[in-house]
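Observations on the model geometry
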Amino acid sequence: MATLNNDQKLIKTIKSLHDKEKIKILFVCLGNICRSPAAEGVMKAIVDNAGDSARFEIDSAGTGNYHIGDLPDKRMRVHAQRRGYSLTHRCRQVRESDFDDFDLIVAIDASNRRNLQLLAPSVEAEHKIIMMANFADLATKYDHIPDPYYEGAEGFELVLDLLESACDNLYRLLRQN
């Protein structure tokens, strides 16, 4: 997580949440059918396993409107289920009100970060946008979570590996006092 050490704004954002009674996190990718619902499922499992689910509200959305109302991609659901994650989220598009409703808006890649920055209603709201890859120990050759949509099984497994690492690290940082 070397990137995190160099990003004072990110550290300040994370620390500002330590005393909150409830922390609300929104994971965002393009279509909300692979990466962001998987991040939602992984993070929910982490907080549930820690007995901390009452303190967190976790959701996901897409910057695009291609799959609204659909379940996540079947391939992602199958790979996630093999690891014990249930992806039952119904896809939705990110909306401006999400910047009021969530404390952290976690962009899965730079393209979605740019889209979120354009949607942010204020500079303060824009400060809520953070990059998922900043938290992944395994992301030594990735500065984003790659889209597995046009990949084979290895692509979905890689995404889950990266998300498990990133979500675990994000959770640990949010729990530090």
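Quick look at the structure, then. (Residues numbered from 1 in each chain as written. Predicted model: local features only at pLDDT ≥ 70, side-chain atom pairs only at ≥ 80, totals over all residues. Heavy atoms only, no water.)

1. A short note on the pattern of salt bridges
Rules: Any Lys or Arg side-chain nitrogen found within 4 Å of a carboxyl oxygen on Asp or Glu counts as a salt bridge. Segments assigned H or I by DSSP are reported as helices when at least four residues long, segments assigned E as strands when at least two residues long, and all are numbered from the N terminus. The classification of residues rests on relative accessible area computed with a 1.4 Å probe and restricted to protein chains. Under 20% of the type maximum is buried, over 50% is exposed, and intermediate values are partly exposed.
What the rule picks out here adds up to 12 salt bridges. In this structure, Lys20 engages Asp103 in a salt bridge whose closest nitrogen and oxygen atoms are separated by 2.7 Å. Remark: Asp103 occurs in the loop between α5 (98-101) and β3 (104-107) and Lys20 occurs in the loop between α2 (8-15) and β1 (23-29); sequence separation between them is 83 residues. When its relative accessible area of 32% is taken as the criterion, Lys20 is described as partly exposed. The buried category is assigned to Asp103, whose relative accessible area is 12%. Within the structure, one salt-bridge network assembled from shared partners comprises Arg83, Glu157, Asp161 and Glu164.

2. Remarks on the nonpolar core
Keep this limit in mind: Here, the term nonpolar core denotes a set of buried Ala, Val, Leu, Ile, Met, Phe, Trp, Tyr and Cys residues that are joined through side-chain atoms within 4.5 Å.
Counting 42 residues, the largest nonpolar core has Ile25, Phe27, Met43, Leu104, Met132, Leu170 and Leu174 as its most contacted members. Looking at this core, the elements that each hand over two or more residues are α2, β1, α3 (35-49), β2 (56-62), α4 (74-82), β3 and α8 (153-175). Broken down by element, this core gets its largest block of residues, 11 residues, from α8.

3. Details of the packing of aromatic side chains
Note the threshold: Stacked, tilted and edge-to-face pairs are distinguished by plane angle, under 30 degrees for stacked and over 60 for edge-to-face with tilted covering the rest, among Phe, Tyr and Trp rings (Trp via its six-membered ring) whose centres lie within 6.5 Å.
Taken as a whole and assessed by the stated rule, the structure comprises 2 aromatic pairs. Where Phe56 meets Tyr171, the ring centres are 5.6 Å apart and the plane angle is 55°; that geometry is what we call tilted. Remark: Tyr171 occurs in helix α8 and Phe56 occurs in strand β2; sequence separation between them is 115 residues. In this structure, Phe56 and Tyr171 share a single accessibility class: buried. Summarising the aromatic geometry, the rings of Tyr149 and Tyr150 are spaced 4.8 Å apart at their centres and angled 85° between planes, so their arrangement reads as edge-to-face. Exposure remark for Tyr149: the relative accessible area of 30% places this residue in the partly exposed category.

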